[in-house]
Structure formats: structure tokens, C-alpha cells
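# What the coordinates show
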Amino acid sequence: MLFDKILFFILILPMFVLGKILATLLVGSGGLSYYIFYVAWLLLNTVLILKLCWRNDGVLILRMITFAIFHSAAMVVVLLFFG
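Overview of the structure. What you see is a predicted model; the values in this text were computed from it and never measured. (Residues numbered from 1 in each chain as written. Predicted model: local features only at pLDDT ≥ 70, side-chain atom pairs only at ≥ 80, totals over all residues. Heavy atoms only, no water.)

### Points about the overall build of the chain
Put simply, the test is: The way it works is that DSSP assigns letters per residue, a run of H or I at least four long becomes a helix, a run of E at least two long becomes a strand, and they are numbered from the N terminus. The buried label goes to any residue with under 20% of its type's maximum accessible area, the exposed label to any with over 50%, and the partly exposed label to all in between, with areas taken from a 1.4 Å probe on protein chains only. Should any heavy atoms of two residues lie within 4.5 Å, those residues are counted as being in contact. Exposure was quantified through the Shrake-Rupley algorithm and a 1.4 Å probe, taking into account, for residues, occlusion by the shown protein chains and nothing else.
Helices and strands together make up the secondary structure of the chain, namely three helices and two strands. Along the chain direction, N to C, the helices and strands of the chain fall in the order α-α-β-β-α. Oriented by its inertia axes, the alpha-carbon framework of the chain measures out at about 40 × 25 × 20 Å. Across the 83 residues of the chain, 28% fall into the buried class. Across the chain, the fraction of contacts at a sequence separation of at least 24, relative to all contacts at a separation of at least 6, is 54%. Accessible area for the chain stands at about 5900 Å²; split by element, carbon and sulfur atoms hold 78% of it.

This is how it looks when you write it as C-alpha cells:
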């Protein structure tokens, strides 16, 4: 049970990091718009996880891994082109 929670948290980390990077690049850091963008990013991704990865008995790990790989790849592209 604890392993599942740790794995889920590790798979969600790229979502948090990409949200921080995009918020900083698009609206700057520290302002109200930064926090609004970041919270909206987290809420949108939470809805996506619930729609794409959630089933009756829990989260499908393979879809969650794909979600994490997509966020990691998007983070690499954003950092290469804008960082």
C-alpha cells in the first residue's frame, strides 16, 4: 500500500516541475498571475489524470507511467527551447 503511494507521487513529480517551469516562463515569478496559472495547471492535470488513468479499482499504473513520460518529455522540450 505504501509502495503504491510512493510510486504515484514519483510519477506526479514531472507534472509539478513542468507547471513551475511553464508558469515562470509564461507569466514571470512571484505575482498573482503566477500562482493562478500554477493552480490552474495542477487542477487541469488532476482532471486529466482522473479522466485518463482512473478506473473503478484505482489508477492504472501503465497509463500513469505514460502520463509521467509525456510530462518529462515536454519538460525537456520546454527547457531546451526556452530555458
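### A word on the side chain of His71
The test is simple: Any pair of N or O atoms that falls within 3.5 Å is considered a polar contact. Within protein, one atom must be able to donate a hydrogen and the other to accept it, and sequence-neighbouring residues count only if both atoms are side-chain atoms.
The residue His71 is located in helix α3 (residues 61-82) in this model. A distance of 3.0 Å separates a polar atom in the side chain of His71 from a polar atom in the side chain of Asn45. Excluding anything up to four places from it in sequence, His71 contacts Pro14, Met15, Leu18, Trp41 and Asn45.

### Side note on the environment of Phe82
Here Phe82 lies in helix α3. Distance from Phe82 to Gly28, taken between C-alpha atoms, is 13 Å for residues 54 residues apart in sequence.

### Thoughts on the environment of Ser33
Mapped onto the secondary structure, Ser33 falls in helix α2 (residues 32-53). Considered as a pair, Ser33 and Ala73 are 40 residues apart in the sequence and their alpha carbons are 25 Å apart.

### Focus: the nonpolar core
Which entries qualify depends on this criterion: Throughout this description, the term nonpolar core refers to a set of buried Ala, Val, Leu, Ile, Met, Phe, Trp, Tyr and Cys residues connected via side-chain atoms within 4.5 Å.
In this structure, Met15, Leu18, Trp41, Ile49 and Met64 are the most contacted members of the largest nonpolar core, which totals 16 residues. It is helix α1 (residues 2-27) that provides the largest number of residues to this core, a total of six residues. Apart from residues no more than four positions distant in its own chain, Met15 is found in contact with Trp41, Leu42, Asn45, Ile49, Phe67 and His71.

### Describing the packing of aromatic side chains
What counts, and what does not: Two rings from Phe, Tyr or Trp (for Trp, the six-membered ring) form a pair when their centres are within 6.5 Å of each other. A pair whose planes differ by under 30 degrees is stacked, one over 60 is edge-to-face, and the rest are tilted. Cation placement over rings: the criterion is NZ of Lys or CZ of Arg within 6 Å of the ring centroid and within 35° of the ring normal.
Considering all chains together, one arrives at one aromatic pair under this definition. A cation over a ring is seen here: Lys20 above Tyr38, with NZ or CZ 4.9 Å from the ring centre.

### With respect to α1
Counted only if it meets this: Given a helix with a known number of residues, its expected span is that number minus one, times 1.5 Å. Note that the bend at a residue is defined as the angle between axes fitted to the seven residues ending at it and the seven residues starting at it.
The terminal C-alpha atoms of α1 lie 37 Å apart, and with 26 residues this matches the ideal 38 Å at 1.5 Å per residue to within 8%. Bending of α1 peaks at approximately 30° at the position of Ile12, with proline Pro14 no more than four residues after it. Among all positions of α1, only Leu11, Ile12, Pro14, Met15, Leu18, Gly19, Ile21, Leu22 and Ala23 are buried.

### Topic: the side chain of Asn45
Within the fold, Asn45 resides in helix α2. For Asn45, the residues in contact, after removing those within four places along its chain, are Met15, Phe67 and His71.

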